[in-house]
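# Reading the structure
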Amino acid sequence: MNKSTSYIKKSKVLKNIFIISMLALPILHFLIFFVYINIDTILLSFQRFNYNTGSYQWVGMDNFNRLYRDFIELDGIKTALINSLLLFPVTNFITLPLSIISAYFLYRKVPGNKIFRVIFFLPSILSIVVLTMSFQFMLDPYFGPGSQVLRFFGLDPVGGWFGNKGTVMPMIFIYLIWAGIGFNVVLLNGAISRIPQEIIESARLDGIGMFKELVLIVIPLVWPTITTLFIVGTTSVFTLFLQNMLLANGGPSGASMTIAYMVVEMVQNGNLTDAAALGTAFTLIGVPIIFLIKRFMEKFGENVEY
Amino acid sequence: MKKVYLTIVITIVSLVLMACDITDSGGQENVLRIDFVEAGLGREWLVQLKEKFEAKNPGVTVKLEGNPNMTANAGPKIENNRDIADIYFLLETNWQRWATAGYLANLDDLYASEVEDGLTMEEKMVDEVIDFGKINGSYYAIPWNDGVTGIVYNAGMFEENNWEVPETFDELLALAETIKEEGRGVKPFTWPGQYSAYWNFVVYNWWAQIEGLDGMKEFYEFGSPEVFKQEGKLKALQAFELLIGDQSNSMNGVNGLIHTNSQMYFINGIAAMIPNGIWIESEMQHVIPEGFKMKMMQTPTLEGAKEPLINNPQLGDFIVVPKHAKNLELAKDFLRMMATDEALMLYTKLTGTPRPFKYDPTQIEGLSEFVLSALEIWKNSKPLYAISKNPMYFANDLNTFPRSGAPYGEIYLGDTTAEEVWQKDYEYVVSRWDEFLKNNNMN
């Protein structure tokens, strides 16, 4: 009896050690790279570097006041905020619906679906640097095939497609849609292919058309995946910068800046405290919005199980 | 249960030690590690200097680590004293913060020590850059590259069409018209709109021509908002507006180009001129077509210039030694060696770029026609070193165009005028002056 109790105790301890050692690394990672970094950033947003003493000093709300003043008086933050907010409809109301339709057509094995599969998936496996370079080349003012076609229709903006304030963001949005569909289609395709075949077959026996099948059966059954993609798309409002940096370097004259890009640029210039203040301010605005959207999406559609 | 807690503590501590390696700042005795930005200048210059140094110091090995992003990579290492090199060669960044925060070695003794022929490092440096590496009364950095910037032109095309190299701004304007008339579709200029600050290479020269070097020094001291009312800045911007505000003087789509694209258009003869620097030849060496000839012209002079011959070297790249470098003295020896005439000549020969020291690189044999044309400008011009020691400058509160950055793209597109940029910069600085003083503990 004693032997068996001691064995159970020992195996329990071993099990605990195993669980703890497996959890230790992710917990540590979370503590350092999330908790510590975020607390440090928030603290930094109330400080400023003093070049006389070589240390950070507390400045209260000064960094936030300055941001507010910049927002009111200068165009930079306003433009970046508008560009960032526009990412919400572009990713959620253009890219996502197009992705759903594309994934459905691939699922229905429309003619040429194998070629389309490659076309849709290719952007999601290539490096963003390669993708942005190809896109830029397509619209190169002299050699770009895209530019030449558009020129044929009389569209040839002064300064180029990425050098004109009126065209730079639409071009970036087109890139985001082109490159974004592939990623979404990969996830949606997986979700659609898990829908039980008998549900689809039964609907087809009832004579359902493609449109109704998509709207009444497929979309409700893959709703959790759509919710996830919607939330990921919403977070891009506060995190997207690389595409704007690689395609237009934030220009012309700041016309393609986003909030995240402003933060990155401030960090690159060694202006850590203003970057921390800008990041903190928009985190305070962004986190509740994302939680509200998550709750809304969960209420809007049922969490289906099959 | 105690055992479980003990296990948790041990696991976390070991993981922390494994992950952070907090006890070791990196480096080995007698292995001099040099981290450097490996970009347009390549690494051959450093390989040859390494060999020279190792031959002079038996038992010492020099280890080189280069990559294009070294400036961004070095910061966290220096600030955390982890895996640090003994010497860093980096591009312009806020090293003043590292120095005042105590991360960098004090180089006062290096500046005062003899390099060769009884000359100290300080004496060997070009006079105007001695203070470049100084902050709060001590030296913490050494300037890396000097430079030559301005307008680079397609010399072959100029010869073929009998186009004269302009000496005055009016001649430059007239040349632009001639190129459009006679150039069979060639445009006068291409430039990288995505990095429009390349126009600083020309506009700053015009500004300094009007204000003189003393005027520019006064500007970069940022003593009061009134420096933003300098007439030279306005005249330089107006000259740019006349030249590039006329959109027909630039190739189509120029405002969306990156620097390598615009350079490709230039070497392929789509445009006759480009604002650029001495580095363009080494940057484009693998794609320059056979027989292509280019040269750099002395920036054409504006009417009323006080100093007609100005070069804007774009000083900013720097060398630092971390305070906790394992081989501090070896690092200083290496930097002393780099300041000898022999090493300076070797550096320029291999990179086509001068360093801000007193030597004559035009005597180097085998330099290209382009590099020689640029070095002639370097030798014959007064250098405009835009060095500011004002904390408002380090803190990014003030710079040349403090309100919204380089205005060239906006002027090209016709969204603003030279006078508007000049006036708004001034008004912006006046309205924020007290805030800047307070931010930097200067009130």
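### Let's talk about the overall build of chain A
When helices and strands are counted, chain A shows 13 helices and two strands. Computed over the C-alpha atoms, the radius of gyration of chain A is 25 Å, more than 25% above the 19 Å expected from 2.2 N^0.38 for a compact globule of 306 residues. Considering only C-alpha atoms, chain A reaches an extent of 80 × 70 × 35 Å along its principal axes. For chain A, the residues scored as buried account for 32% of the 306 residues in total. Long-range pairs, those at least 24 residues apart, make up 68% of the contacts in chain A with a sequence separation of at least 6.

### Regarding the interface of chain A and chain B
With 35 residues of chain A at the interface, the matching set in chain B holds 36 residues. Contributions of two or more residues to the side of chain A that touches chain B are made by α1 (2–44) and β1 (47–50) of chain A. A per-element tally of the side of chain A that touches chain B places α1(A) first, with eight residues. Taken together, the residues of the side of chain A that touches chain B break down into 16 nonpolar, 18 polar and one charged.

### A look at the packing of helix α3 (residues 75–107) of chain A against helix α10 (residues 223–239) of chain A
Residues and elements named next belong to chain A. The geometry of α3 relative to α10 is characterised by a closest axis approach of 7 Å and an angle of 155 degrees between their N-to-C directions. Viewed along their axes, α3 and α10 adopt a mutual orientation that is roughly antiparallel. When you trace α3 past α10, the crossing you get is right-handed. Contact residues: Ser84, Leu85, Leu87, Phe88, Thr91, Asn92 and Leu96 in α3; Leu229, Phe230, Gly233, Thr234, Ser236, Val237 and Phe238 in α10. A class-by-class count of the residues in the contact of α3 with α10 yields eight nonpolar, six polar and no charged.

### Brief notes about the nonpolar core
Ranked by size, the top nonpolar core spans 78 residues in total, and within it B:Val203, B:Phe240 and B:Ala374 carry the most contacts. Counting residues in each nonpolar core, the second largest holds 49 residues, with B:Leu49, B:Trp98, B:Ala331 and B:Leu344 among its members.

### Some thoughts on the sheet that holds strand β10 (residues 187–189) of chain B
Residue and element names in this part refer to chain B. Taking strand neighbours across the sheet as the criterion, the four strands line up as β10-β11-β9-β12 in an open arrangement whose pairing is mixed. What marks the edges here is a single partner per strand, and that holds for β10 and β12 (294–297). Across the sheet, the axes of successive neighbouring strands diverge by a mean angle of 25 degrees, strand direction being ignored. As paired strands, strand β9 (residues 149–154) and strand β11 (residues 271–277) are joined by five bridges and run antiparallel to one another. Counterpart to Tyr153 in the pairing with β11 is Met273. Across the face of the sheet, helix α15 (residues 369–380) comes into contact with β9 and β12 while running at roughly 10 degrees to β12.

### Focus on the domain arrangement of chain A
Segmentation of chain A into domains returns domain 1 (2–44) and domain 2 (63–300). Here the C-alpha centre of domain 2 of chain A lies 37 Å away from the C-alpha centre of domain 1 of chain A.

### So, the sheet that holds strand β14 (residues 318–320) of chain B
Residue and element names in this part refer to chain B. Pairing in this open sheet of five strands is mixed, and the strands run β2-β1-β3-β14-β8 from one edge to the other. Each of the sheet's edge strands pairs with one partner strand only, and the pair in question is β2 (61–67) and β8 (142–143). Across two bridges, β8 lies against β14 in antiparallel orientation. The partner of Pro143 across the bridge, within β14, is Phe318. Sitting on the sheet, helix α2 (residues 44–56) touches β1 (31–37) and β2, and the angle it makes with β2 is about 165 degrees.

### Observations regarding the pairing of β1(A)
Residues and elements named next belong to chain A. Across four bridges, β1 lies against strand β2 (residues 55–58) in antiparallel orientation. Bridged to Arg48 within β2 is Gln57. From the end of β1 to the start of β2, which pair antiparallel, there are four residues, and Gly54 there has a positive phi angle of about 75 degrees.

### With respect to the pairing of β1(B)
Residues and elements named next belong to chain B. Burial within β1 is extensive, with six of its seven residues counted as buried. Since β1 and β2 lie parallel, the crossover through α2 that links them has a hand, and here it is right-handed. With three bridges connecting them, β1 and strand β3 (residues 87–90) associate as parallel partners. Across the sheet, residue Ile34 finds its bridge partner in β3, namely Ile87.

### A word on the environment of A:Phe183
Within the secondary structure layout, A:Phe183 lies in helix α7 (residues 165–193). When the 18 C-beta atoms within 10 Å are taken as the criterion, A:Phe183 is described as partly exposed.

### Comments concerning the domain arrangement of chain B
Where interface size is given, it is often the accessible area lost as the parts come together that is meant. Residue and element names in this part refer to chain B. On domain assignment, one finds that chain B holds domain 1 (19–147 + 315–358) and domain 2 (149–312 + 387–439). Taking only C-alpha atoms into account, the centre of domain 1 sits 31 Å from that of domain 2. Its residues assigned to classes, the side of domain 1 that touches domain 2 comprises three nonpolar, eight polar and one charged.

### Looking at unusual backbone geometry
The linkage connecting A:Gly251 with the following residue, A:Pro252, adopts the cis geometry, with an omega of 0 degrees. Within the secondary structure, A:Pro252 sits in the loop between α11 (242–248) and α12 (259–268). The backbone of A:Ser253 sits at a positive phi, close to 50 degrees, despite the residue not being glycine. Note on placement: A:Ser253 falls in the loop between α11 and α12. Using a count of 28 C-beta atoms within 10 Å as the deciding quantity, one classes A:Ser253 as buried. Although it is not a glycine, B:Asn162 adopts a positive phi angle of roughly 55 degrees. Residue position: B:Asn162 is located in the loop between α7 (155–161) and α8 (169–182).

Conventions we followed
Residues numbered from 1 in each chain as written. Chains lettered and ligands numbered in written order. Predicted model: local features only at pLDDT ≥ 70, side-chain atom pairs only at ≥ 80, totals over all residues. Helix = DSSP H or I, 4+ residues; strand = E, 2+ residues; numbered from the N terminus. Rg over C-alpha atoms; globule rule 2.2 N^0.38 Å. Buried ≥ 20, exposed ≤ 12 C-beta atoms within 10 Å, placed from the backbone. Contact = placed C-beta atoms within 7 Å. Nonpolar A, V, L, I, M, F, W, Y, C, P; charged D, E, K, R; others polar. Axes fitted to C-alpha atoms, helices over the stretch in contact; angles between N-to-C directions. Parallel < 35°, antiparallel > 145°, perpendicular 65-115°, else oblique. Left-handed = near helix turned anticlockwise from the far one by under 90°. Core = buried A, V, L, I, M, F, W, Y, C linked by C-beta atoms within 7 Å. Pairing = 2+ DSSP bridges. Domains from an automatic or database assignment. Right-handed = clockwise from strand over helix to strand, strands pointing away.

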